Structure formats: structure tokens, C-alpha cells
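Chain by chain, the residues run as shown.
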Amino acid sequence: MTGKTVVAYSEDRELGLQILSKGREISDKLGAKLNALVLGEKIIDPKEYITHGADRVLIVEDPALGSFAVETYRGVVLDALKDVDLEVLLIGATKRGKELAARVAAALDTGCMTECIEIDVDEEGRLLGERLTYGGSVISSQVSTRKPHIATIPPRTFKKAEPSPREGEISVLDVDIQDRRMKVVESREKARGDAGLAEAPIVVSAGRGFKDEADLKLLEELAETLGAKVGCSRPIAADLGWMEEWIGISGYKISPKLYIACGISGTIQHAAGIRDAQIIVSVNNQEGANIHEISDYSIVGDIYTVIPALTKALKERMK
Amino acid sequence: MTKIIVLLKDIVDLNEIKIDPSTRQPRTEGLKRRISDVDKRALEAAIRLKEKNDGEIAALSMGSDKTRTAMLEALAIGADSLYIVNDSGLAGVDALVTSKVLKAAVEKIGGYDLILCGEMTLDSLSAQVGPRLAELLGLPQVTYVKQMDLEDGKLRAVRDLEDVDEVVEVELPAVVSVVREINEARIPSLMSIMRAKKKPTEEWDASALGLSAEEMRAGSSIEVVKLEAPLVERKRIVIEAETVEEAAAKLADAIISEGVMEA
Ligand SMILES: Cc1cc2nc3c(=O)[nH]c(=O)nc-3n(C[C@H](O)[C@H](O)[C@H](O)COP(=O)(O)OP(=O)(O)OC[C@H]3O[C@@H](n4cnc5c(N)ncnc54)[C@H](O)[C@@H]3O)c2cc1C
Ligand SMILES: Nc1ncnc2c1ncn2[C@@H]1O[C@H](COP(=O)(O)O)[C@@H](O)[C@H]1O
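Residues numbered from 1 in each chain as written. Chains lettered and ligands numbered in written order. Predicted model: local features only at pLDDT ≥ 70, side-chain atom pairs only at ≥ 80, totals over all residues. Heavy atoms only, no water.

Quick notes on the overall build of chain B
A tally of regular secondary structure across chain B gives seven helices and 15 strands. Considering only C-alpha atoms, chain B reaches an extent of 65 × 45 × 40 Å along its principal axes. Carbon and sulfur atoms provide 48% of the accessible area of chain B, an area that totals close to 11,800 Å². The average position of the 35 basic charges and that of the 48 acidic charges among the side chains of chain B differ by 4 Å. (Helix = DSSP H or I, 4+ residues; strand = E, 2+ residues; numbered from the N terminus. Areas by Shrake-Rupley, 256 points an atom, 1.4 Å probe, with all protein chains shown as cover. Lys, Arg positive; Asp, Glu negative; His and termini not counted. Charge placed at Lys NZ, Arg CZ, Asp CG, Glu CD.)

What follows is the structure, encoded as C-alpha cells:
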């Protein structure tokens, strides 16, 4: 058995490094060693995990780990951690990470706090987590009462540490690779545009009030005038495929100086993504729409006439 | 004949939750409970499989005294039978315990080919019960499904992941979780609501499942310490004017005066 250990894992390397920075803090408080678990077909530059905070890198390399399959990965994680005195397991909250964390938690007969936006440990060494509930409208502060404590951490929640010249150990593990029953027949790459929503100071956004994809031109003209990025509600991306990324509890949570919602009703799931915007402006033709309740300025009106008029008015003033 | 168990949870209408202004606590008492949106789509998906392939659908929910009323909608939409686990000793348990109880209930129902659930419930947003149940039952899990079909006892599905749409195949039995985009759930007719009341319904407490509520409860591992809605003050100014141009001009002035446009 090792001493007290905190383990961080994500199949998304960048997210894995972000988690390590918080994992470092937690490990220091617990007096534990921080391990980065890295799984794949071929692991490159494992030292990067050490310079970003890990004391040890646990590597499992196998051709079967070339693509993520939860049944295989679950077995590998459990096997890799069986001799570890596991205090805390932090997993990146991608979709794959979340399904893995829940399954591993079930196997270890322990709890799991999904998508923590903050974590800490108390005097007893228990893991504390803050996460959104009730569709994203409420912050729930929770405590995991039994070890191993498991939490998942969404992308961009914590900043990765500046790399520093640290020493650490690299261990290549030999584990049993179990077969998977779910076979992947085809993997269709998605057009993944990083729309730059996370960092943009101004975001204008489209909802189901838009009748046709071509009409988004109106919004693009407004965006151009403002130097803004264009975002949308989930149905515009997920149902209609007009854009790739959306804003909200299951998409980007953004904090621009200015957010302009056009033809968006302002459901709780959407509102959760724009809570940290400095100023919210909305255009929606329905008087009672919730978006008006969560806006600083709103116009009850038709996006098809209001947006062009707003673009024109802004242009005149910005000359 | 395919036997499908659909997992449904009743939750309050999130848009009706009021926040107590002094304590910032959500007030949910007295609110009507309905089937969580994604779960209803899981049921709709089951009905579409049944329509194509023949089969039987059992709805299963662990809830409270209010669950039976909420779940009538499931029977009205198209579930053939309803199983409710209702034990006040289990109120407020975490996903770990919920999954163990649902496992026992699923085993008591028995004879299933497919277990369908939602990607996550909209109140807890925990996204755990599906994968946990798969682990406890030793079954494969197919998560985030936005399209599916049955062919010769095999499930073919399209999974909606961040970077890819993954087309997968799996032999049954399996646990499948669906995303919101899989379908739009049908709205039950008045007739079907009447008929729903006559469909078979069973209600179990923990001991009916061979479990002790106290032991289960003691096994719960995540405790909620505090619930608090973040305080966000918005100006809520509705701009009014005779014409669209005037309204737009006022809005433009307001935006500029906020000083949010400096680079
Ligand atoms: C698990 C889960 C997660 C989710 N996560 C998210 C998320 O992250 N982000 C998200 O956005 N949604 C999310 N949703 C979906 C969410 O519940 C709503 O379905 C969605 O936000 C509604 O999008 P909308 O406002 O564009 O459409 P609608 O609710 O249909 O609203 C359209 C609005 O446009 C207005 N309108 C129509 N025509 C005009 C016009 N000509 N001019 C002006 N206004 C007009 C209407 O009055 C209406 O208010 C999630 C749902 C689930 C189940
Ligand atoms: N109490 C419950 N009763 C029945 N099904 C549930 C219950 N809780 C969760 N589920 C199912 O599991 C899915 C994921 O839930 P959760 O892990 O709570 O996000 C839900 O969409 C439901 O299909």
C-alpha cells in the first residue's frame, strides 16, 4: 500500500492538467501524494504532469486504450488503483469522464459529486464540493462522508498551474485489459469550432425565435458591429445544427461584459450559463418571457425588426 | 418480445421554484411534481421501439407519496405497467443508494432486455444512476443516446459525445441513457389518461425489495450541507418607445452608457 493518495484523471489532457492544480492544493491539505493517472495507446511527455503538480504519474499503455470505451477504462482504473490508499479521485467532467466516474464509484461502493465548481477538504479530510442543482439555479454545498471521495470537475473550472521544475516518479503499470461489449461501428467527427465564447467580452446569441438558418445573418451583422462572438441556445445547436456550441448549464458558462439574447426564452438551463454576465440585454416578442426577468435591458419586440435597428443605432453611435 | 424498463423520476417544475429573498433558499414545497423532461423522452424512445418491434414497457420510479400521481402520465403516454418504490425511510438518499434500490426493483420486475433512463435528472443534474445501475447489474452501458434501433436482438445507437457522434452496437440486455435531442415526447390524449388509471400499478417499500431502509440510508455517502441560490441583481428595464427605431436608439444609448463596450 502507498500512503494517502489523491488521483486525478481525464482523457482530455488539458482538463487533466487543470485538475492537477486543484488536486495539488487538496493533496497538500491532506498530506497526500498527488498521482496523475494517464491511460492511452501511447503516452507522450508524461513529465508534463509532474511539472504541473503531480508527485507521480501512473501510466497504463495499451493498444486497447487507443479510444475511450467505458467498460474497458473502468476495469483499468479499478485495477490501477487497487494498491493505492485512495483518499480522493478527481475526474474531468467530460461526458466520458462523467460516465466513467459514476461507474467506478459504484464499483467502489462510494459517492460521487458531479461537476463540482469548487472543492476543498475539511478538518476530517472529507471532500467538500459545490455544484449546481435545480437546473442550475441553485448552488448545492455537499460533503462526501466516506472515502474514497470522488468528484468530477468540468473543463475550465480551475486554471492549470504554471509549469515548474519539479521532481516526480513515473510508473508504468501492467494491468488486465478487459473486453468491452459495446462495439463502436463508426465514429463521426463533429465540426468543432471553438467559437471563442469562453473568453469573449461581448456575446450575442440566437434562440428558437430565429425561423431560418439564413436569418442568423442579422445577428452576425450585430456581432460584427460590436466585435462580439455569436452563441446560441441549446436547440439551435443540438436540434438544428446551425452552430456547434451553445450557452447554458450543459454548454458554455460565460461571463462577458455584455450578453445580448435574441429570440431566447430564458429557461433555467440557459440562465445558468449567463449568470456571471455583467450586463444582459434581451430581445423577445413575448412579454412574459423569463429572459426579460433576468435582463438589465429588454425590448419586447420582433427580432427581425429590432436587431437590424439596433445594429444601425449602434453603428451610428460608434462612428 | 422486448421487455423494456424505463426509469422515471418525478421532480418539481424548475421554472416555478421561488427563491426566498432573505435566505436565498429554494422553496419547493407545494409545487406540482412531474416526470423529468429527459426521462419522458426515454419513455417516448421505449414506446417507439415497442411500436416497431413489439414489446412491453414497465415504468419504474423511486419517489414519494406524490409519485403515483406524477407517474400516471407515464401510463397515459404508453407504459404498460408502473412500479413505484416509496419508503419515507429512503427520502433524500444519494445516487449511490438510489441505484442500489433501483437495482433491487429492476431484479424484482425481472425478465428485461433493456433498461432505459435519462442522461440526468434536471433537479439533481447528477448523471450517475444509469452508469451505476449498469455496474451493479454487470451490464454494458450506452450513454448519451440520441438515436436508436433494435435489430435481431441487438441495439444500434448513435451516441452524442462532445467531439464525435459514435455509432455503436451492443447485445442486450444493456442500460441505455438518452439525451434530450432523441425525440419529443407525445402528449397523452384524454382517453389515454382515463385508461391509464386502469393499468397495473405496484408500490413497494424497502422491505418488499428485501432491503432495510435504515441500512440503505446509513450507506448514503453524499450529504447536502447547504442550498443557496446565488444572488444576481438585474435592472430589469423594459425599453418602451413608439417605434422600433426609437426603442433601438434608446437601447443603444443604454448599452453605451454601461461602458461595457470598451475593449
Ligand atoms: C439536460 C438538459 C440540459 C439543457 N441545457 C441547456 C443549455 O445548456 N442551454 C440551453 O440554452 N438550453 C438547455 N436546455 C434546453 C432548455 O430546456 C430549453 O429547451 C432551451 O433553452 C430553449 O431554447 P430557446 O430559448 O432558444 O427556445 P424557446 O424556449 O422555444 O424560446 C424561443 C423564444 O423566442 C421568442 N420568439 C419567437 N419568435 C420571435 C421573434 N420573431 N422575435 C422575438 N422573439 C421571438 C419566443 O417568445 C420564445 O420566448 C437543456 C435541456 C435539458 C433537458
Ligand atoms: N428516483 C429515481 N427513480 C427512477 N429513476 C431515476 C431516479 N433517479 C434517477 N433516475 C433515472 O436515472 C437517470 C439519471 O439520474 P441522475 O443520476 O439523478 O441524474 C434519470 O434520468 C432517471 O431516468
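Regarding the domain arrangement of chain A
Residues and elements named next belong to chain A. On domain assignment, one finds that chain A holds domain 1 (4-172) and domain 2 (202-317). Each of domain 1 and domain 2 has a C-alpha centre, and these two points are 35 Å apart. On the side of domain 2, seven residues touch domain 1, which itself brings six residues to the contact. Here domain 1 packs against domain 2, burying approximately 540 Å² in sum over the two surfaces, 54% of which is carbon and sulfur. Counting the surface domain 1 buries against domain 2, the share from its top three residues, Leu132, Gly135 and Arg156, is 61%. Linking domain 1 with domain 2 are zero salt bridges, by the criterion used here. Across the contact surface, domain 1 and domain 2 share one residue pair in polar contact (both at pLDDT 80 or more). When its residues are assigned to classes, the side of domain 1 that touches domain 2 shows two nonpolar, three polar and one charged. (Domains from an automatic or database assignment. Contact = heavy atoms within 4.5 Å. Buried area = accessible area lost by both parts, 1.4 Å probe. Salt bridge = Lys/Arg side-chain N within 4 Å of Asp/Glu carboxyl O. Polar contact = N/O pair within 3.5 Å; in protein donor to acceptor, adjacent residues only side chain to side chain. Nonpolar A, V, L, I, M, F, W, Y, C, P; charged D, E, K, R; others polar.)

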